[in-house]
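Take a look at the letters that make up each chain.
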2 protein chains.
Amino acid sequence: MSHLDKADTALFMSQLLGHALEMTGTAKDTSCGFSCGDTALPSQVDHCLQCPVRDLAVCSSLNDDEIGQLAQFVVGQEFSGGHDLFVEGDPASAVYTVTEGAVKTHKLMPDGRRQITGFFFAGDFVGLAHGENCAYSAEAAGTIRVCRFDRKRFDHVLDEFPKMRSRLLSEASDELAAAHNQMLLLGRKTAKERLATFLLMVDQRTAQWRKDEDVLELPMTRGDIADYLGLTTETVSRTFTQFRSAGYIAAQGTQDVKVLSREGLEDAAEG
Amino acid sequence: MSHLDKADTALFMSQLLGHALEMTGTAKDTSCGFSCGDTALPSQVDHCLQCPVRDLAVCSSLNDDEIGQLAQFVVGQEFSGGHDLFVEGDPASAVYTVTEGAVKTHKLMPDGRRQITGFFFAGDFVGLAHGENCAYSAEAAGTIRVCRFDRKRFDHVLDEFPKMRSRLLSEASDELAAAHNQMLLLGRKTAKERLATFLLMVDQRTAQWRKDEDVLELPMTRGDIADYLGLTTETVSRTFTQFRSAGYIAAQGTQDVKVLSREGLEDAAEG
DNA sequence: GCACACCATTGATCGAGATCAATGCCCGCT
DNA sequence: AGCGGGCATTGATCTCGATCAATGGTGTGC
C-alpha cells in the first residue's frame, strides 16, 4: 500500500516536472532518461521506435506513424523488486507493457494466503480489466521497466486502431489458454510435475532474450514459486533438490538454474 | 472423438438439407425448428431477434440490422449431455454462444487426470482461441442449446463491427478474472472453501433466469464438480454432507440444492 | 419387472505435502 | 569485523484429502 502511494506521488510530481520516465522504490537512475511535454517530442517517439520489445509487444500491431500517437502519452517507469504496479480493488486506471524484467500478479485471502496468478516478462501486456476495479494485484519481481498507458486514452487508441484491439484480444486468448494450463497444474499435478512444468514454462517464455540458452535466471524467490504453484517453500526447495539429484538441473547460486536435461523435465512434467 | 465425428457429419448433412437447427446425441426434436437457405430468411433473423439471450450475449452489442448479418450464418445446435462441442487440439473452426443449459470446458492429462476449467451458462461465449487449435475441450453438461458461428466468418463480422470485438474483449477480461479466482481456489483453498465458493458462483451466475431464487439446479455430476474444484467425488460428497449438517443447504434429490444460508456459505468460502 | 451401468454416499486406511523446527548462507548495515 | 534479517535447505511429525472398498439409489433398455 505504502509502496503505491509513494509511486503515485512520484508519478504526479514527475508529470509536473515534465519527465516521462519514472523511478520508484530503490531503482537507480537509468541511462535512457528523457523529457517531454504534452505532445510527442522526437525523443519520445524514438523511445517507442527504439523500444527493445517493439516487435514483441502489442505495439507491434501499429506502424511507425501510429506508434507516434501512442508515444504521446506513454510513461516509462522503473520499479524495484516488491513494488506494486497496482493493487486488487484499486480503480483500474492504467495498463502496462513490460519492457524489462518480470512482473507477477497475485490475489490474497483475508488471512494472508496468497496465490500468484501469473508472471509477465518483457513484451507482455498487463492490466486487462473489465470492470472499474483491478481484479488482482501486480508487483515487480526484481527490478523492472514498464510502459504505462492511461487506460482511458489507451481505450481511445484502441477505438482508432482496430488492429491493436484485435492484437489485444489475441493476447487475452493466449493468457486465457495459459490460465487453463495453470488450473490443470493446480488442480491435478503433483509437486514434481508442477515444478518441472514451471521450469519449462520459464525456459520457453524467456528463451528469446536469454544470454545463455541453458541458464534460467529466476527473478523470483522460492516463496514466489511456491505461491505460484500452490505449494510451500519447503516443498519447492525439496523438489529442486530432487531435480538436482536426478541430474535434470544444476544450481548456480539460488536464482540461476542450469538446465541439464530438458527431456528429464518434460518427463517429470507429465508424470 | 466419435461424438464429434457424429456431430460434424450431422452438421454437414443438415447444411445440405438446408436445416439450420442441428441435433446431436440423444437430443429430442425441438419445438422451434426452422429451415433456411444461404441467405437470411425472415425466420432466421427472427431466430436471433427472438433469442432468449439476445440481451445477455455478445450479440447484444449489435443493433437489429447488424444482427441480421450475423443471423446469416448462425447455426442453432442442440447437444445432449456428454457430447463435445470441440476437443483440445482440434482446429479451432467455430465459436459458440450458449443459449440454454451449461457447457463445461476441460483439459486432460495423458493418464486420464482431468481438470474442468470452466462452466458456461446461457448467454456466455465459448471458444475464444488464439492459435490454430483449441487449447481445451468443451462438452455439454446436460442437454444444451448453442449458436455456432464459423470462426472465419465470425472474425469477419468482428472486423466490420468493432463494438462486438470490444464486447468480446470485455468478455475475455471477465473470464480472465474468473480464471484468477479459480487459481486462488485451486492453489490455496480447503475443500470446504472450494465447495462453498463454487455454490456461490453458481448461485450468482444463474440468478438471472432461475425459477426459484433459492434452488440451484446443478447440471453437472459430483465427479464434474470434483474435477472443477481439484478434489475427488468422495470429498465433494462428504463436504455436501457437512454443509447439509451445518444447515447451509438442503438437498432435493442430488441435482437440486436449496440454499438455506448464503451467509453460512460465504463464511465457509473464506475460512 | 429385471439387469445393468452409473452415480452418490459412507467408512477405513494411506500418503503427499503441510507444518513445525533448526541450521546455514548471503548481503547490507553499523 | 560483527550483527541482523531474509531466504534456502533439511529433518521430524502431522493432517487433510486421496485412495480403496462396500452399499444403496436411480434411470434406461430389454
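Source: prediction; values computed, not measured. (Residues numbered from 1 in each chain as written. Chains lettered and ligands numbered in written order. Predicted model: local features only at pLDDT ≥ 70, side-chain atom pairs only at ≥ 80, totals over all residues. Heavy atoms only, no water.)

Engineer: Explain the relation of the copies chain B and chain A to me, please; I cannot follow it from the model alone.
Structural biologist: One copy of the chain maps onto the second through a rotation about an axis and a displacement along it. Taken as rigid bodies, chain B and chain A are interconverted by a rotation of 180° and an axial shift of 0.0 Å, the fit giving an RMSD of 0.1 Å. The relationship between the two copies is best expressed as a two-fold rotation axis. Mapped onto chain A, 100% of the interface residues of chain B again fall at the interface, so both copies present the same surface. (Least-squares fit on C-alpha atoms with pLDDT ≥ 70 in both. Contact = heavy atoms within 4.5 Å.)

Engineer: Would you take a moment to explain the layout of surface pockets for this structure?
Structural biologist: One simple way to see leftover space: roll a probe sized like a water molecule over the atoms. Quantified by volume, the second largest pocket comes out at close to 1200 Å³. Around the second largest pocket sit 43 residues that line it, and Asp174(B), Ala178(B), Asn181(B), Met201(B) and Arg205(B) are the ones nearest its centre. Residue assignment for the lining of the second largest pocket shows that the elements contributing at least two residues are helix H5 (162-188) of chain A together with strand S5 (114-120), helix H5 (162-188), helix H6 (191-205) and helix H7 (222-229) of chain B. Considering each element in turn, the lining of the second largest pocket owes the most residues, 12 residues, to H5(B). Broken down by class, the residue content of the lining of the second largest pocket amounts to 21 nonpolar, 12 polar and 10 charged. (1 Å grid on protein atoms, 1.4 Å probe; cavity = no way out; pocket = protein on both sides within 12 Å on 5 of 7 lines; lining within 4 Å. Points joined across faces, edges and corners; volume = space filled by probe spheres on them. Helix = DSSP H or I, 4+ residues; strand = E, 2+ residues; numbered from the N terminus. Nonpolar A, V, L, I, M, F, W, Y, C, P; charged D, E, K, R; others polar.)

Engineer: How should I be thinking about the nonpolar core in this particular structure?
Structural biologist: Among soluble globular proteins, nonpolar side chains are generally buried collectively. By size, the foremost hydrophobic cluster in this structure holds 64 residues, and its most contacted members are Phe198(A), Leu199(A), Leu218(A), Phe198(B), Leu199(B) and Leu218(B). Leaving out residues up to four positions away in the same chain, Leu199(A) has contacts with Leu216(A), Leu218(A), Phe240(A), Phe243(A), Ile249(A) and Leu265(A). Judged by nonpolar contacts, the second largest core, of 56 residues, contains Cys48(A), Ala57(B), Ala122(B) and Phe149(B). (Core = buried A, V, L, I, M, F, W, Y, C linked by side-chain atoms within 4.5 Å. Buried < 20%, exposed > 50% of the residue type's maximum accessible area, 1.4 Å probe, protein only.)

Engineer: How should the pattern of salt bridges be read in this particular structure?
Structural biologist: Per the counting criterion, the structure on display carries 38 salt bridges over all chains. Put simply, Glu171(B) and Arg167(B) hold a salt bridge, and the shortest N to O gap is 3.4 Å. One end of the pair is Glu171(B) and the other is Arg167(B), both in helix H5 and 4 residues apart, which spans about a single turn. Given a relative accessible area of 15%, Glu171(B) falls into the buried group. Here Arg262(B) and Asp214(B) are joined by a salt bridge, their closest N and O atoms 3.2 Å apart. Taken together, the residues span a long stretch of sequence, with Arg262(B) in helix H9 (residues 262-269) and Asp214(B) in the loop between H6 and strand S8 (215-217) at a distance of 48 residues. Classification of Asp214(B) by relative accessible area gives partly exposed; the value is 25%. One salt-bridge network, held together by shared partners, links Lys104(A), Arg114(A), Glu139(A), Asp224(A), Asp227(A) and Arg188(B). (Salt bridge = Lys/Arg side-chain N within 4 Å of Asp/Glu carboxyl O.)

Engineer: Explain the environment of Met220(A) here, please?
Structural biologist: Residues and elements named next belong to chain A. Inspection of the secondary structure puts Met-220 in the loop between strand S8 (215-217) and helix H7 (222-229). Distance from Met-220 to Phe-119, taken between C-alpha atoms, is 9.6 Å for residues 101 residues apart in sequence. Other than its neighbours up to four places away in sequence, Met-220 contacts Phe-119, Phe-198, Ile-225 and Gln-255.

Engineer: Which parts of the structure should I look at to understand the packing of H7(B) against helix H8 (residues 233-246) of chain B?
Structural biologist: The description of two helices packed together rests on the angle between their axes and the distance between the axes. All names here are of chain B. Running from N to C, H7 and H8 cross one another at 100°; their axes reach a closest spacing of 8 Å. Here H8 runs roughly perpendicular to H7, going by the angle between their axes. Across the interface between the two elements, Arg-222, Gly-223, Ile-225 and Ala-226 from H7 touch Thr-233, Val-236 and Phe-240 from H8. Residues that form the contact of H7 with H8 fall into these classes: 4 nonpolar, 2 polar and 1 charged. (Axes fitted to C-alpha atoms, helices over the stretch in contact; angles between N-to-C directions. Parallel < 35°, antiparallel > 145°, perpendicular 65-115°, else oblique.)

Engineer: What am I meant to see in the protein's contact with DNA strand D here?
Structural biologist: The local shell around DNA strand D holds 17 residues, among which Arg222(A), Arg238(A), Thr241(A), Ala191(B) and Thr235(B) are the closest. For DNA strand D, the fraction of protein-proximal atoms (within 4 Å) that sit in sugar or phosphate groups is 62%. Contacts to DNA strand D include Thr241(A), whose side-chain N or O atom sits 2.5 Å from a phosphate oxygen. Examining the composition of the surface near DNA strand D, we find that 5 residues originate from one element, helix H8 (residues 233-246) of chain A, more than from any other. When grouped by side-chain class, the residues that make up the surface near DNA strand D number 2 nonpolar, 9 polar and 6 charged. (Near = heavy atom within 4 Å. Polar contact = N/O pair within 3.5 Å; in protein donor to acceptor, adjacent residues only side chain to side chain.)

Engineer: Looking at this structure, I do not really get empty space enclosed by the protein. What am I missing?
Structural biologist: Residues and elements named next belong to chain B. All chains considered together, the criterion is met by 5 cavities of 30 Å³ or more. Here the largest cavity defines a volume of roughly 90 Å³. Taken together, Cys-48, Cys-51, Val-53, Arg-54, Cys-59, Ile-67, Leu-70, Val-74, Thr-97, Thr-99, Cys-147 and Phe-149 make up the full set of residues lining the largest cavity. When residues of the lining of the largest cavity are traced back to their parent elements, those giving at least two are helix H3 (64-71), strand S4 (94-108) and strand S7 (137-150). Among the residues making up the lining of the largest cavity, the classes are represented as 9 nonpolar, 2 polar and 1 charged.

Engineer: Even after reading the chapter, I still don't get the sheet that holds strand S9 (residues 249-252) of chain B, so can you show me in this structure?
Structural biologist: In sheet architecture, strand pairing relies on hydrogen bonds along the backbone and comes in two forms, parallel and antiparallel. Residue and element names in this part refer to chain B. The 3 strands are arranged S8-S10-S9 in an open sheet whose pairing can be described as antiparallel. Lying at the two open borders of the sheet, with one neighbouring strand each, are S8 and S9. Taking the axes of each pair of neighbouring strands and ignoring which way they run, one obtains an average angle of 25° across the sheet. (Pairing = 2+ DSSP bridges.)

Engineer: So what exactly am I meant to see when it comes to the packing of aromatic side chains here?
Structural biologist: The description of an aromatic ring pair uses the distance of the two centres, along with the angle that the planes make with each other. All names here are of chain A. Applying the stated criterion to the full structure yields 18 aromatic pairs over all chains. Ring geometry for Phe-73 and Phe-149: centres 6.1 Å apart, planes at 75°, overall edge-to-face. Here Phe-149 lies in strand S7 (residues 137-150) and Phe-73 lies in the loop between helix H3 (64-71) and strand S2 (75-79), a separation of 76 residues in the sequence. In textbook terms, an aromatic cluster arises when at least three aromatic residues are bridged by ring pairs, as seen for Phe-73, Phe-125, Phe-149 and Phe-154. Lying across the ring of Phe-240, Arg-222 places its NZ or CZ 4.1 Å from the centre. (Phe/Tyr/Trp six-rings, centres within 6.5 Å; stacked < 30°, edge-to-face > 60°. Lys NZ or Arg CZ within 6 Å of the ring centre and 35° of its normal.)

Engineer: Please clarify how the environment of Gly118(A) should be interpreted in this entry.
Structural biologist: In this structure, Gly118(A) sits in strand S5 (residues 114-120). In this view, Gly118(A) contacts Val103(A), Lys104(A), Thr105(A) and Tyr228(A); residues no more than four positions away in its chain are not counted.

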